Amino acid sequence: MAATITVYPGQLIQAAINKAAAGDLIRVMPGTYREKGITIDKPLILLGINYPVLDGEKKYEILTVKADNVIIEGFTLMNSGYSSMNDLAAVRVLNVSNVSIRKNKLVNNFFGIYCQHASYTLVSENEISSNGISELESGNGIHGWKSDHLIIADNNISGHRDGIYFEFVTETNISGNKSQNNIRYGLHFMFSHNNIYVHNIFGNNGAGVAVMYSRHVTMLQNEFRDNWGPAAYGILMKDISDSHAEGNLFSRNTAAVYMEGSSRIRIRKNIFTGNGYAIQLQASCDNNNIDLNNFTANSFDIATNGSLVLNSFSGNYWDKYEGYDLNRNGTGDVPYRPLSIFAMIVERNSSAMMLFRSPIVSIIEKAEKIIPGITPENLRDDSPSMKPLPL
């Protein structure tokens, strides 16, 4: 039968763990505990009462989990050590499965929660914040390395290098998180396949999300807001394939979606509004379908760096479309070409942006629409919607 062990200020949490049997509950009472490298090496529940503080004193890793079936809940974990050689974290989950880290406050740590060779781990309802200034001196809020079947849900993450970073992570669900005000990305995937992220908010980061060298990534009903900067994106899709983005909101990003070397991506039923670029689609992309989206109040709806177009557009609403609908079926009777000649000029020479909204640019744009000659002929939407789609 499971026992309950209570730890009071002045006592050692590690001593209680050493004394406990598998399945026991360890209750830690309010106070501040400074112990070097607490290790959990058996299945148990570590429960903080009124958020006791585990202070790493900016010297060491605070908690390391080396056993399956562990729950950590209700702590304030702060001031983990910093190292340019080792990724020190507030909590490290190491070579185990079925671990839950929930309802904790992580403050001013190098790395927050580090899942290393972890499986079936739940990270939920945590407040994870740091005061990172530069990429080199900051770690990630939630870091996954060679892990699978993680659930990252309902966390608030800010002030880290990347809010969430995955490398070689598969079959994972990221939902309901707010990853904002991070130095680099709100979410960063590298070589991570068969993952889904849904109902997250990525705002005011260096860039919203980067999905790189991955396949079978599903991106549903997320918000990408206010990711501004010279290299800022709502989503960067680099060398990904067979993925799906639907029901997302892209608002006030430098570039809402930037695609390079990506194939077989379905981008549908998204809202693009108030962005610098809605979609920057590089010539290295092919077999992507962009359909049933709303494009409103973007400086440029589409930009590309080549004349070869191997992607399709269909049934989108474009607020710049000036066509007509004589049969009143809701679809424009003439195709819409969303790529402006000025967008192509800027793609080749960014300093041309100084002429944006000048009379000469307006004249060039009008002439190109009347007699297309420079913009790619087959980059067009043959069935543009006359009204915004009810997304």
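Residues numbered from 1 in each chain as written. Predicted model: local features only at pLDDT ≥ 70, side-chain atom pairs only at ≥ 80, totals over all residues. Heavy atoms only, no water.

Draft legend 1. View of the overall build of the protein chain. Scanning the protein chain from N- to C-terminus turns up 3 helices and 39 strands. As displayed, the protein chain offers around 16,600 Å² of accessible surface, 52% of which is attributable to carbon and sulfur atoms. Between the centroid of the 33 positive side chains of the protein chain and the centroid of its 37 negative side chains there is a distance of 4 Å. (Helix = DSSP H or I, 4+ residues; strand = E, 2+ residues; numbered from the N terminus. Areas by Shrake-Rupley, 256 points an atom, 1.4 Å probe, with all protein chains shown as cover. Lys, Arg positive; Asp, Glu negative; His and termini not counted. Charge placed at Lys NZ, Arg CZ, Asp CG, Glu CD.)

Draft legend 2. Summary view of the side chain of Ser241. Take Ser241: it is sitting in strand β29 (residues 241-246). Here Ser241 falls in the buried class, since its relative accessible area comes to 15%. (Buried < 20%, exposed > 50% of the residue type's maximum accessible area, 1.4 Å probe, protein only.)

Draft legend 3. Representation of the nonpolar core. In terms of nonpolar packing, the biggest core is built from 78 residues, with Ile26, Leu63, Val91, Tyr197 and Ile279 touching the most fellow members. Membership of the second largest hydrophobic core comes to 13 residues, among which are Met212, Tyr258, Phe300 and Ala303. (Core = buried A, V, L, I, M, F, W, Y, C linked by side-chain atoms within 4.5 Å.)

Draft legend 4. Here's a closer look at the packing of aromatic side chains. The full count for this structure, using the stated rule, is 19 aromatic pairs. Aromatic side chains Phe250 and Phe272 sit 4.8 Å apart centroid to centroid with 5 degrees between the ring planes, which places their arrangement in the stacked category. Of the two residues, Phe250 sits in strand β30 (residues 249-251) while Phe272 sits in strand β33 (residues 271-273), which places them 22 residues apart along the sequence. The exposure class assigned to Phe250 is buried, which follows from its relative accessible area of 1%. On the basis of relative accessibility, which here comes to 0%, the residue Phe272 falls in the buried class. By the ring-pair criterion, three or more aromatic residues cluster together here, those being Phe166, Phe189, Tyr197, Phe202, Phe224, Phe250, Phe272, Phe295, Phe313, Trp318, Tyr321 and Tyr336. The ring of Tyr51 carries the charged tip of Lys105 above its face, separated from the ring centre by 4.3 Å. The ring of Phe168 carries the charged tip of Lys146 above its face, separated from the ring centre by 5.8 Å. (Phe/Tyr/Trp six-rings, centres within 6.5 Å; stacked < 30°, edge-to-face > 60°. Lys NZ or Arg CZ within 6 Å of the ring centre and 35° of its normal.)

Draft legend 5. Looking closely at the layout of surface pockets. The volume enclosed by the second largest pocket comes to roughly 280 Å³. Every residue lining the second largest pocket is counted, 18 residues in all, and those nearest its centre are Tyr82, Asn108, Ser130, Asn131 and Glu137. Of the residues in the lining of the second largest pocket, the class split is 3 nonpolar, 13 polar and 2 charged. (1 Å grid on protein atoms, 1.4 Å probe; cavity = no way out; pocket = protein on both sides within 12 Å on 5 of 7 lines; lining within 4 Å. Points joined across faces, edges and corners; volume = space filled by probe spheres on them. Nonpolar A, V, L, I, M, F, W, Y, C, P; charged D, E, K, R; others polar.)

Draft legend 6. Representation of unusual backbone geometry within the structure. If you check the backbone angles, Glu57 has positive phi at about 55 degrees while not being a glycine. Assessed through its relative accessible area of 33%, Glu57 is described here as partly exposed. Despite not being glycine, Arg252 has its phi angle at roughly 60 degrees, a positive value. The topology assignment puts Arg252 in the loop between β30 and β31 (255-260). Assessed through its relative accessible area of 35%, Arg252 is described here as partly exposed.

Draft legend 7. Structural detail: the sheet that holds strand β4 (residues 38-40). Taking strand neighbours across the sheet as the criterion, the 12 strands line up as β4-β7-β10-β13-β16-β19-β22-β25-β28-β31-β34-β37 in an open arrangement whose pairing is parallel. In the strand order of this sheet, the two ends are held by β4 and β37 (300-303), each with one partner. This sheet shows a mean twist of 10 degrees between the axes of neighbouring strands, independent of strand direction. Relative to strand β25 (residues 207-212), strand β22 (residues 185-190) runs parallel, the two being bridged by 5 bridges. Each residue of the ladder has a partner; that of Tyr185, found in β25, is Ala207. (Pairing = 2+ DSSP bridges. Axes fitted to C-alpha atoms, helices over the stretch in contact; angles between N-to-C directions.)

Draft legend 8. Broad picture of the environment of Ser383. On the secondary structure map, Ser383 appears in the segment after α3 (359-370). Note: C-alpha distance between Ser383 and Phe313 (70 residues apart in sequence) is 8.5 Å. Beyond its immediate stretch of four places on either side in the chain, Ser383 contacts Ser314, Gly315, Asn316 and Thr331. (Contact = heavy atoms within 4.5 Å.)

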